[in-house]
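# Summary of the model geometry
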Amino acid sequence: MSESLLSTLAIEATMSAILATAFAILVGLHFIQDRLPQKASTLPPLDKHGSFLDSIPLQLPNPHTEPSKYCYEIFSWRYTAIWIG
């Protein structure tokens, strides 16, 4: 019985280490991201007609001020729909 207890603890410790490592990687990636400078005078004018994605009630980042976040969100929405389907 003590062998099964030791093997269970080893698995739990290993899984906890994996989870902690994955979380640490995500936190590290968050902190090394560069911030974009906010300059209102250099932004291109917004499209007056809008697009299909503008009519959907989503909380998407502004594509002019945060293009990388916007591209990631669009990619996530498309990939999620394909993955679920």
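Calculation notes
- Residues numbered from 1 in each chain as written.
- Predicted model: local features only at pLDDT ≥ 70, side-chain atom pairs only at ≥ 80, totals over all residues.
- Heavy atoms only, no water.
- Helix = DSSP H or I, 4+ residues; strand = E, 2+ residues; numbered from the N terminus.
- Buried < 20%, exposed > 50% of the residue type's maximum accessible area, 1.4 Å probe, protein only.
- Areas by Shrake-Rupley, 256 points an atom, 1.4 Å probe, with all protein chains shown as cover.
- Salt bridge = Lys/Arg side-chain N within 4 Å of Asp/Glu carboxyl O.
- Phe/Tyr/Trp six-rings, centres within 6.5 Å; stacked < 30°, edge-to-face > 60°.
- Expected span 1.5 Å × (residues − 1).
- Arc of directions from axis to C-beta.
- Patch = residues over 30% accessible without salt bridge, like charges linked within 9 Å, V, L, I, M, F, W, Y side chains within 5 Å.

## Regarding the overall build of the protein
Helix and strand counts for the protein stand at three helices and zero strands. By the burial criterion, 5% of the 85 residues in the protein qualify as buried. Working note: accessible area of the protein is about 8,100 Å², and carbon and sulfur atoms make up 68% of it.

## Description of the pattern of salt bridges
Counted according to the given criterion, the structure contains one salt bridge. A salt bridge links Glu66 to Lys69, with the nearest nitrogen and oxygen atoms 3.5 Å apart.

## Quick word on the packing of aromatic side chains
Enumeration over the complete set of coordinates arrives at one aromatic pair. Aromatic pair Phe75 and Tyr79: ring centres 5.9 Å apart, planes at 10°, arrangement stacked. Taken together, the residues span about one helical turn, with Phe75 and Tyr79 both in helix H3 (residues 67-84) at a distance of four residues. Look at Phe75 and you get exposed, because its relative accessible area is 52%. With a relative accessible area of 47%, Tyr79 lands in the partly exposed category.

## Remarks on H3
With 18 residues, H3 should reach 26 Å at 1.5 Å per residue; the first-to-last C-alpha distance of 26 Å fits that figure. Turning to H3, its buried residues are Tyr70, Ile74 and Ser76. Seen end-on, H3 carries its buried residues on one side only, within an arc spanning 155°. Summarising the geometry of H3, the exposed residues directed more than 90 degrees from the buried face are Ser68, Tyr72, Phe75, Ile82 and Trp83.

## Focus: a nonpolar patch on the surface
Residues Tyr72, Phe75, Tyr79, Trp83 and Ile84 make up a contiguous nonpolar surface patch of roughly 690 Å² in combined accessible area. Within the secondary structure, Trp83 sits in helix H3. Taking relative accessible area as the criterion, Trp83 reaches 64% and is therefore assigned exposed.

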